[in-house]
Protein chains: 2
Amino acid sequence: MPTLDALVFDAYGTLYDVHSVTAKAEGFFPGKGGALSQLWRTKQLEYTWLRSLMGTYENFNVVTEAALRYACASLRLEASATQISALLAQYVLLDAFPEVKTALARLKSRHKLAILSNGAPDTLGALVRNSGLAPLLDATISVDSLRVFKPAMRVYQLAVDQLGVPTNCVGFVSSNCWDAIAAKTFGFTVFWINRLDAPVDLHGAAPDHVIRTLDDIEARL
Amino acid sequence: MPTLDALVFDAYGTLYDVHSVTAKAEGFFPGKGGALSQLWRTKQLEYTWLRSLMGTYENFNVVTEAALRYACASLRLEASATQISALLAQYVLLDAFPEVKTALARLKSRHKLAILSNGAPDTLGALVRNSGLAPLLDATISVDSLRVFKPAMRVYQLAVDQLGVPTNCVGFVSSNCWDAIAAKTFGFTVFWINRLDAPVDLHGAAPDHVIRTLDDIEARL
């Protein structure tokens, strides 16, 4: 394996638990918080893919709100404007997974560290600051400048360009298997964080490494 | 509304019930046939979107097999090679929805009729022949020549080019709301067949008409 001068992390689902919205959702809709969180996330991703293919990009805030409204309608939940706003506001307050901060602090001594995310720059920046990860990162890169979402290949080129590190010296870390497969196709060395013991996706080259948490990265370097 | 000289139909889910694989799946995996069919379809669509965005097109047969293998793995079903082959073979034997044949026969007197589908030409052609719909159709158009799946906008242009009918004189019919929204964005007059009383998707312009079955088209013309 080449020396990995940079480690680039996906944000939502990888560093941050998108399902940390569940408690707030459960408070609003008792018994439905988990289902709402799951469907919201599923639709959010689906809308990023569809808008990218249609060539009708709108930023991740727009997509996230539309996905939430769809999920509420699908589950027959009458969400008030206040509840919608409160749920969307969680996106700058998502919990980092427990190991993230200490793992990044250790990795920082040997690697450039960055986020490459679908997130809109304002929301993503606020999340990184609020979670205390900002001092650990050399860059927080959003797809927004390209007006297309992952897994368009040119998104991954953004990390190469902004970090000044050749493709074959970038390690890419994602818990979204489809994101890991795309990054592998692009040419990165890929670590798929398989937190939930899911099967690997089968629409492209398999990730180089399958690990359980960020703490498992160093042993593979 | 302009005169709709052509009506273009999506195939899978619209004319043909993709879940007609359920009985065969249930025979192989008692109690799991419905779940397998649902997850298979979900992953099949997901893989078409991801491969299209990644620029790594493989035809729909390849995607369909990968999605089936993923779905089996996810549900912890040990499918034999014979079972995989038997399930895939259902794709040339899918049931048309009950009203399809008579509805197309009526519409044929006033409109050019065509299918525009993600399906691979061989499989799609066999399905259309086996189901007895071939004599009712002026064209069966596959995305395969473009090496990209729906909802890439250039897919919808295929129908305009092959039927020789202007965009604003094409009516497009799909039970896949995302497909209907894309066709609307492209410029067709769109009929979304909402067989399951689902909410409309929210990532683009809403369909012109929301109907329950193909029998409802004529009343809207």
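Residues numbered from 1 in each chain as written. Chains lettered and ligands numbered in written order. Predicted model: local features only at pLDDT ≥ 70, side-chain atom pairs only at ≥ 80, totals over all residues. Heavy atoms only, no water.

## Comments concerning the nonpolar core
So, step 1. Ranked by internal contacts, the top residues of the largest apolar core, which has 166 residues, are F9, Y156 and F188 of chain A together with F9, Y156 and F188 of chain B.
So, step 2. Once residues lying within four places of it in the same chain are set aside, the contact partners of F9 of chain A are L15, L104, L107, L113, A114, I115, L116, V173, L214 and I217 of chain A. (Core = buried A, V, L, I, M, F, W, Y, C linked by side-chain atoms within 4.5 Å. Buried < 20%, exposed > 50% of the residue type's maximum accessible area, 1.4 Å probe, protein only. Contact = heavy atoms within 4.5 Å.)

## Quick word on the domain arrangement of chain A
Residues and elements named next belong to chain A.
So, step 1. Taken as a whole, chain A is organised into domain 1 (6-16 + 94-220) and domain 2 (18-92).
So, step 2. In this structure, domain 1 and domain 2 have C-alpha centres spaced 22 Å apart.
So, step 3. The interface of domain 1 with domain 2 comprises 22 residues on the first partner and 17 residues on the second.
So, step 4. Interface area for domain 1 against domain 2, summed over the two sides, is near 1,700 Å², with a carbon-plus-sulfur share of 60%.
So, step 5. Viewed at the interface, domain 2 and domain 1 are joined by 11 residue pairs in polar contact (both at pLDDT 80 or more).
So, step 6. The element that contributes the greatest number of residues to the side of domain 1 that touches domain 2 is helix α6 (residues 121-130), accounting for 5 residues.
So, step 7. Residue classes in the side of domain 1 that touches domain 2 are distributed as 11 nonpolar, 6 polar and 5 charged. (Domains from an automatic or database assignment. Buried area = accessible area lost by both parts, 1.4 Å probe. Polar contact = N/O pair within 3.5 Å; in protein donor to acceptor, adjacent residues only side chain to side chain. Helix = DSSP H or I, 4+ residues; strand = E, 2+ residues; numbered from the N terminus. Nonpolar A, V, L, I, M, F, W, Y, C, P; charged D, E, K, R; others polar.)

## Section: the sheet that holds strand β6 (residues 170-174) of chain B
Residue and element names in this part refer to chain B.
So, step 1. Reading across the sheet, the 6 strands line up as β5-β4-β1-β6-β7-β8 and stay open at both edges, with parallel pairing between neighbours. Strands at the two margins of the open sheet, each flanked by one partner only, are β5 (139-142) and β8 (209-211). Sheet twist, expressed as the average angle between the axes of neighbouring strands with direction ignored, equals 25°.
So, step 2. As paired strands, strand β1 (residues 6-9) and strand β4 (residues 112-117) are joined by 4 bridges and run parallel to one another. Each residue of the ladder has a partner; that of A6, found in β4, is K112.
So, step 3. The strands touched by helix α6 (residues 121-130) within the sheet are β4 and β5, with β5 carrying the most contacts at an inclination of about 150°. (Pairing = 2+ DSSP bridges. Axes fitted to C-alpha atoms, helices over the stretch in contact; angles between N-to-C directions.)

## Focus on the interface of chain B and chain A
So, step 1. With 31 residues of chain B in contact, the opposing surface of chain A contributes 31 residues.
So, step 2. Carbon and sulfur atoms supply 71% of the area buried between chain B and chain A, which totals about 2,700 Å² over both sides.
So, step 3. Looking at the side of chain B facing chain A, the largest losses of area belong to L53, M54 and H203 of chain B, adding up to 28% of the total buried there.
So, step 4. Counting across the chain B and chain A interface gives 4 salt bridges.
So, step 5. Between D197 of chain A and R76 of chain B there is a salt bridge; the shortest N-O distance is 3.6 Å.
So, step 6. Those elements giving two or more residues to the side of chain B that touches chain A turn out to be α2 (33-54), α3 (60-74) and α8 (177-186) of chain B.
So, step 7. Among the elements that line the side of chain B that touches chain A, the one with the most residues is α2 of chain B, at 9 residues.
So, step 8. Broken down by class, the residue content of the side of chain B that touches chain A amounts to 17 nonpolar, 6 polar and 8 charged. (Salt bridge = Lys/Arg side-chain N within 4 Å of Asp/Glu carboxyl O.)

## Observations concerning the pairing of β5 of chain B
All names here are of chain B.
So, step 1. Sheet analysis places β4 next to β5, joined by 4 bridges and oriented parallel. Looking across to β5, one finds that S117 is bridged to S142.
So, step 2. Handedness of the crossover joining β4 and β5 through α6 is recorded here as right-handed. (Right-handed = clockwise from strand over helix to strand, strands pointing away.)

## Section: unusual backbone geometry
So, step 1. Cis geometry is found at the peptide bond from K150 of chain A to P151 of chain A, where omega equals 5°.
So, step 2. Its location among the elements puts P151 of chain A in the loop between β5 (139-142) and α7 (153-163).
So, step 3. Phi at R147 of chain A takes a positive value of approximately 55°, unusual for a residue other than glycine.
So, step 4. For R147 of chain A, the position within the fold is in the loop between β5 and α7.
So, step 5. Unusually for a residue other than glycine, D197 of chain B sits at a positive phi of about 55°.

## What about the side chain of S174 of chain A?
Residue and element names in this part refer to chain A.
So, step 1. By the secondary structure assignment, S174 is in strand β6 (residues 170-174).
So, step 2. On the accessibility criterion, S174 (0% relative accessible area) is buried.
So, step 3. From its side chain, S174 meets the backbone nitrogen of N176 in a polar contact 3.0 Å long.
So, step 4. Engagement of the side chain of S174 in a polar contact is seen with the side chain of D179, the distance being 2.8 Å.
So, step 5. Discounting chain neighbours no more than four positions away, the residues touching S174 are D10, T14, D179, A180, F191, W192 and I193.

## Looking at the sheet that holds strand β4 (residues 112-117) of chain A
Residues and elements named next belong to chain A.
So, step 1. In spatial order, the strands read β5-β4-β1-β6-β7-β8; together these 6 strands make up an open sheet with parallel pairing. Unpaired on one side and paired on the other, β5 and β8 (209-211) mark the two borders of the sheet. On average, adjacent strands in this sheet sit at an angle of 25° to one another, irrespective of strand direction.
So, step 2. The pairing of β6 with strand β7 (residues 189-193) spans 4 bridges and is classified as parallel. Considered in β7, the bridge of F172 is made with V190.
So, step 3. Seen against the sheet, α6 touches β4 and β5 and runs at an angle of roughly 150° to β5.
So, step 4. Against the sheet, α7 makes contact with β1 (6-9), β4, β5 and β6, and its axis sits at roughly 150° relative to β4, the strand it touches most.

## Side note on the pairing of β6 of chain B
So, step 1. Taking burial as the measure, the 5 residues of β6 of chain B include 5 buried ones, the bulk of the element.
So, step 2. Handedness of the crossover is the feature at issue here: the chain leaves β6 of chain B, passes through α8 of chain B, returns alongside strand β7 (residues 189-193) of chain B, and the resulting connection is right-handed.

## Concerning the packing of aromatic side chains
So, step 1. By the definition in use, this model includes 23 aromatic pairs over all chains.
So, step 2. Residues W49 of chain A and W49 of chain B carry aromatic rings whose centres are separated by 6.4 Å and whose planes lie at 45° to one another, so their mutual orientation is tilted. Highlighted residues: W49 of chain A in helix α2 (residues 33-54) and W49 of chain B in helix α2, drawn from two different chains. Like W49 of chain B, W49 of chain A is buried.
So, step 3. Through a chain of ring-to-ring contacts, three or more aromatic side chains come together here, namely Y12, W40, Y57, F60, Y91 and F149 of chain A.
So, step 4. R195 of chain B extends its terminal NZ or CZ atom over the ring of F97 of chain B, reaching a point 3.6 Å from the ring centre. (Phe/Tyr/Trp six-rings, centres within 6.5 Å; stacked < 30°, edge-to-face > 60°. Lys NZ or Arg CZ within 6 Å of the ring centre and 35° of its normal.)

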